[in-house]
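As a plain string of letters, each chain reads:
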Amino acid sequence: RNVPRKNYAAFFESLPPLFDAHPEVLVIIHCSPIDEGGILAEHLAHLPGAYDNGTGWRHGQVIFTRAHDTYVGLSDAQLNVLYNAADIYASTSMAEGFGLTLLEALACGVPVVTTGFGPSIETVGPGGLLVEPARMLGNVYAHKWADVDVPKFTDALASLVADPERRAALGTVGEAHARTFDWGAEAGKLMELMTDAVA
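Read on for an overview of the structure. Every value quoted in this text rests on a predicted model; they were computed, and no experiment measured them.

## Thoughts on the pattern of salt bridges
Under the counting rule described, the total for this entry stands at 7 salt bridges. Close ionic contact of Arg 1 with Glu 36 constitutes a salt bridge, the shortest N to O distance being 3.3 Å. Highlighted residues: Arg 1 in the segment before α1 (8–21) and Glu 36 in the loop between β2 (34–35) and β3 (38–39), separated in sequence by 35 residues. Among the residues examined, Glu 36 registers a relative accessible area of 53% and is labelled exposed. Sharing partners across several salt bridges, the network here consists of Arg 1, Asp 35 and Glu 36.

Written as structure tokens, this is what we have:
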């Protein structure tokens, strides 16, 4: 979702140097372009090369799928196609409860670049690049969010764009790592904890 903790402002800030170095890069954004996190076209408008075609802001290297309306998106089969069409999954998220989309990308053999904070560290494991936060921020939920180091995020993306062999290697390792997460086993552990707590 396009919500504040996903930190789309940092993501868009990471793009100009990447686009300069790699004009072949195409970014696909799959979320509602207008949501609690604001209007993504406002960020798009600030990218060098952005233009208004009379129906809204566009950029030759950025595509919005427009197949997600905040609560209803693609089917599992369609998401599988979208993930498998990607070379890299990128997220500047400041916090995750678990990071399901990160794991879904890994399960499709797609390496992940994301903020190295909280559950994302365990979820991504060896299947991607974790970028250290530049700073920690307070929020309305009374805990901390990690603001990613944008230049380092750009560098991490660029390093994978330029190295298909490394992407493939991370994808293979990430896919194996994703298989270590098992809903049934985790539910069993949770039930055991709850049973022990009651006892």
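## A look at the sheet that holds strand β9 (residues 128–131)
The parallel open sheet is built from 3 strands, whose spatial order is β7-β8-β9. Edge positions in the open sheet fall to β7 (89–91) and β9, since each of these has one partner strand only. On average, each strand axis in the sheet is inclined to that of its neighbour by 10°, with strand direction left out of account. For β7 and strand β8 (residues 112–115), the ladder comprises 3 bridges, and the chain directions are parallel.

## So, the packing of helix α4 (residues 100–107) against helix α7 (residues 164–178)
Packing of α4 against α7 leaves a shortest axis separation of 7 Å and a crossing angle of 120°. Compared by their axis directions, α4 and α7 come out oblique. For the pair α4 and α7, the crossing hand works out as left-handed. Across from Leu 103, Leu 106 and Ala 107 in α4, the residues of α7 making contact are Gly 171, Gly 174, Glu 175, His 177 and Ala 178. Residue classes in the contact of α4 with α7 are distributed as 4 nonpolar, 3 polar and 1 charged.

## Focus on the pairing of β8
For the handedness criterion, the β-α-β arrangement of β7, α4 and β8 is classed as right-handed. Where β8 meets β9, 4 bridges bridge the pair, whose relative direction is parallel. Its bridge partner lying in β9, Val 112 is registered against Gly 128. Remark: the β8/helix α5 (residues 119–124)/β9 crossover connection has right-handed handedness.

Analysis parameters
Residues numbered from 1 in each chain as written. Predicted model: local features only at pLDDT ≥ 70, side-chain atom pairs only at ≥ 80, totals over all residues. Heavy atoms only, no water. Salt bridge = Lys/Arg side-chain N within 4 Å of Asp/Glu carboxyl O. Helix = DSSP H or I, 4+ residues; strand = E, 2+ residues; numbered from the N terminus. Buried < 20%, exposed > 50% of the residue type's maximum accessible area, 1.4 Å probe, protein only. Pairing = 2+ DSSP bridges. Axes fitted to C-alpha atoms, helices over the stretch in contact; angles between N-to-C directions. Parallel < 35°, antiparallel > 145°, perpendicular 65-115°, else oblique. Left-handed = near helix turned anticlockwise from the far one by under 90°. Contact = heavy atoms within 4.5 Å. Nonpolar A, V, L, I, M, F, W, Y, C, P; charged D, E, K, R; others polar. Right-handed = clockwise from strand over helix to strand, strands pointing away.

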